[in-house]
Amino acid sequence: EDKVVQSPLSLVVHEGDTVTLNCSYEVTNFRSLLWYKQEKKAPTFLFMLTSSGIEKKSGRLSSILDKKELFSILNITATQTGDSAIYLCAVEGIQGAQKLVFGQGTRLTINP
Amino acid sequence: DVKVTQSSRYLVKRTGEKVFLECVQDMDHENMFWYRQDPGLGLRLIYFSYDVKMKEKGDIPEGYSVSREKKERFSLILESASTNQTSMYLCASGGLRDEQFFGPGTRLTVL
């Protein structure tokens, strides 16, 4: 059975800190790993990773995938209160139709 | 801008009622999905559809059915709502090589 585990489940830091969120997975025939940010409503897409060792970056956020050790990390530098959200990790196996398996999510709180 | 809309943001129903949740996307995506989200459990896939009139069970289909009569519309049906179906329901759509785009969610309470 495909499985995604995120850690920590909850994290509280101060504004300006750097955080690292973890995602480990077990999936048959891996195709891609995705990160989403969820504030009050719809999850919004952050990154899609398919290849090991290639960092994806968007502003203060970056992510990298290790297909040998079966994990990914999401880094946020110089955190701001607007980064407070639930961060979701999901993996897609080669089963067709984009079927995703999600982790439990990490609830990140940034205090001013 | 990709748009996925859901018919209601909040819904309150009674045990035993039949409930319809509607989802519409405007990106001509082949794939559409229904998830439920519960604290500590993340998003769990209920049903998905990869084409009109095609549907596949996800991980937790019991107590639910779906309908996809048109490409842009995917409906989730609770035949006889129960209190354990109180949850946030999220619809998503995606093209063949795109990420999934999510709707704003429907928070359903079953009394």
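Quick caveat, the model's predicted, so the values are computed rather than measured. (Residues numbered from 1 in each chain as written. Chains lettered and ligands numbered in written order. Predicted model: local features only at pLDDT ≥ 70, side-chain atom pairs only at ≥ 80, totals over all residues. Heavy atoms only, no water.)

Student: Please give an account of the overall build of chain B that cites residues and values.
Tutor: A tally of regular secondary structure across chain B gives 0 helices and 11 strands. Reading the helices (α) and strands (β) of chain B from amino to carboxyl end gives β-β-β-β-β-β-β-β-β-β-β. For a compact globule of 111 residues, the expected C-alpha radius of gyration is about 13 Å, and chain B comes in at 13 Å, within 12% of that figure. Structurally, chain B occupies a C-alpha span of about 40 × 25 × 25 Å along its principal axes. Residues counted as buried form 50% of the 111 residues belonging to chain B. Contacts spanning at least 24 positions in sequence make up 55% of the contacts within chain B whose residues lie at least 6 apart. Total accessible area computed for chain B in this model is approximately 5500 Å², and 50% of it derives from carbon and sulfur atoms. Considering chain B, the positive charge centre built from 16 side chains and the negative charge centre built from 16 side chains are found 6 Å apart. (Helix = DSSP H or I, 4+ residues; strand = E, 2+ residues; numbered from the N terminus. Rg over C-alpha atoms; globule rule 2.2 N^0.38 Å. Buried < 20%, exposed > 50% of the residue type's maximum accessible area, 1.4 Å probe, protein only. Contact = heavy atoms within 4.5 Å. Areas by Shrake-Rupley, 256 points an atom, 1.4 Å probe, with all protein chains shown as cover. Lys, Arg positive; Asp, Glu negative; His and termini not counted. Charge placed at Lys NZ, Arg CZ, Asp CG, Glu CD.)

Student: Provide a residue-level description of the interface of chain A and chain B, including the pertinent values.
Tutor: Listed per partner, the contact involves 17 residues of chain A and 24 residues of chain B. Interface area, chain A with chain B, both sides summed: about 1700 Å², of which 57% is carbon and sulfur. In this structure, the connection of chain A to chain B is made through 1 salt bridge. On inspection of chain A and its partner chain B, the count reaches 2 residue pairs in polar contact (both at pLDDT 80 or more). Counting residues per element, the ones that place at least two in the side of chain A that touches chain B are β4 (30-38), β5 (44-49) and β10 (100-102) of chain A. With 4 residues, β4 of chain A is the largest single contributor of residues to the side of chain A that touches chain B. Along the lines of polarity and charge, the residues of the side of chain A that touches chain B split into 10 nonpolar, 4 polar and 3 charged. (Buried area = accessible area lost by both parts, 1.4 Å probe. Salt bridge = Lys/Arg side-chain N within 4 Å of Asp/Glu carboxyl O. Polar contact = N/O pair within 3.5 Å; in protein donor to acceptor, adjacent residues only side chain to side chain. Nonpolar A, V, L, I, M, F, W, Y, C, P; charged D, E, K, R; others polar.)

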